[in-house]
Amino acid sequence: MSNQQARILVVGGAGYIGSHIVRQLINACHDVVILDDLSTGYRQLVHQDGEFVQGHLGDLNLLEQLFNRHRFDAVMHFAAFSQVGESMHHPLRYYQNNLGDTITLLKAMQSHGIRRFVFSSTAAVYGEPLEIPITESHPCLPTNPYGNTKLAVERLLTDCDMAYGLRSIALRYFNAAGADESGEIGELHDPETHLIPNLFKAALGQIDHIRLFGTDYPTPDGTCIRDYVHVNDLAQAHLLALDVLLADGESAVYNLGSNSGFSVKEVIEKAEAVIEKKIPVIESPRRPGDPAKLVASSDKIRRELGWKPGYESLETIIATAWRWHRKNV
Ligand code: UDP
């Protein structure tokens, strides 16, 4: 089965990244059911053409009902806690949600014979990079509980493939950014910790200023370098991964980044240029756990799945995010 209509369960489809994937799945004529407990997702991000079930992925009874009611061809999973700092203070909460509840989801899939899984993973599985750009064969040595939970699920998926023939594709995101061009969905977090939305908040006076975390990193301008990738390009990669699994392809792991990096100062300058306004910035100490430089090599997914990002300029990424933010946040 490939490029055919499929029935997909999107766990966490009311979140920033999940909602963009749902939109592309529906545009590609797939049948979508969204499971989200709205703990970090938002009702306003739920697509009207998907069936929405409010509930938690760790609720086995609910999963059983859902899997008895629908014959899913694949499951996509975005329902994770994703804040590094928070994970350092609440590791049990992170392991329970990101690993424990994912085990429940996989068990329910296993007992209903669902054997295709697309998993939202992260650059945090690599830890402090030994070389740049980071390829998929870089050692995985996470430096925080968040990265540990994602790596633990990736390892579990490898074991489930061997034991049960569960085929999975794990996509390791670098810095997801931007918003759908429609302006109808975009980044929404509470509290917001990410750089680009916080720059907008500071520009709009929703916060007094943005804190620039660390100016003494071993980078050309002393600020951290990150690899920003548009959320719709992430979404496109998920649809390619799904096609592979629907065609009974093999399990795999891919990086999703842009192969280029921008420093925090460069992002601030570009944001100021896009919104044509000076943003109040206060230089602050480093944020614990931030590596100096994270840049992906995404050659593998370009080569093997033909992934072609459409939004390679940071200005465009910021402009799409701005369109969403100033209307909705
Ligand atoms: N950053 C910052 N101020 C903020 C938020 C982020 O200086 O209010 C920096 C952060 O230290 C990192 C970069 O911006 O170097 C990207 O951070 P973000 O939280 O957006 O993503 P992360 O790389 O942590 O996944």
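Structural notes, computed from the coordinates.

About the thresholds
Residues numbered from 1 in each chain as written. Predicted model: local features only at pLDDT ≥ 70, side-chain atom pairs only at ≥ 80, totals over all residues. Heavy atoms only, no water. Phe/Tyr/Trp six-rings, centres within 6.5 Å; stacked < 30°, edge-to-face > 60°. Helix = DSSP H or I, 4+ residues; strand = E, 2+ residues; numbered from the N terminus. Lys NZ or Arg CZ within 6 Å of the ring centre and 35° of its normal. Axes fitted to C-alpha atoms, helices over the stretch in contact; angles between N-to-C directions. Left-handed = near helix turned anticlockwise from the far one by under 90°. Contact = heavy atoms within 4.5 Å.

Considerations on the packing of aromatic side chains
Right, so step 1: Applying the stated rule across the entire model yields 5 aromatic pairs.
Right, so step 2: Ring centres of Tyr126 and Phe174 lie 6.4 Å apart, and the angle between their planes is 35°; on these two criteria the pair is classed as tilted. Placement of the pair is Tyr126 in the loop between β5 (116-122) and α5 (145-164) and Phe174 in the loop between β6 (167-173) and β7 (175-177), with a sequence separation of 48 residues.
Right, so step 3: One cation-aromatic arrangement involves Arg286 over Tyr217; the distance from NZ or CZ to the ring centre is 4.0 Å.

Let's talk about the packing of helix α2 (residues 60-69) against helix α4 (residues 91-111)
Geometrically, a packed helix pair is captured by the angle between its two axes and the distance between the axes.
Right, so step 1: Close contact between α2 and α4 brings their axes to 10 Å; oriented N to C, the two are set at 35°. Relative to α4, the crossing made by α2 is right-handed. Residues Leu60, Leu63, Glu64 and Phe67 of α2 touch α4, and the partners they reach there are Thr104, Leu105, Ala108, Met109 and Ser111.

Focus on unusual backbone geometry
Right, so step 1: Geometrically, the link from Ile132 to Pro133 is a cis peptide bond, its omega value of -5° lying close to zero.
Right, so step 2: Looking along the chain, the bond that leaves Asp190 and enters Pro191 is cis, with omega of 5°.
Right, so step 3: Position of Pro191 among the secondary structure elements: in the loop between β7 and α6 (195-203).
Right, so step 4: A positive phi is found at Leu38, a non-glycine position, where the angle reads about 60°.
Right, so step 5: Within the secondary structure layout, Leu38 lies in the loop between β2 (31-36) and β3 (51-54).
Right, so step 6: Of note, the phi angle at Asp248 is positive, near 60°, even though the residue is not glycine.
Right, so step 7: For Asp248, the position within the fold is in the loop between α7 (231-246) and β11 (252-256).

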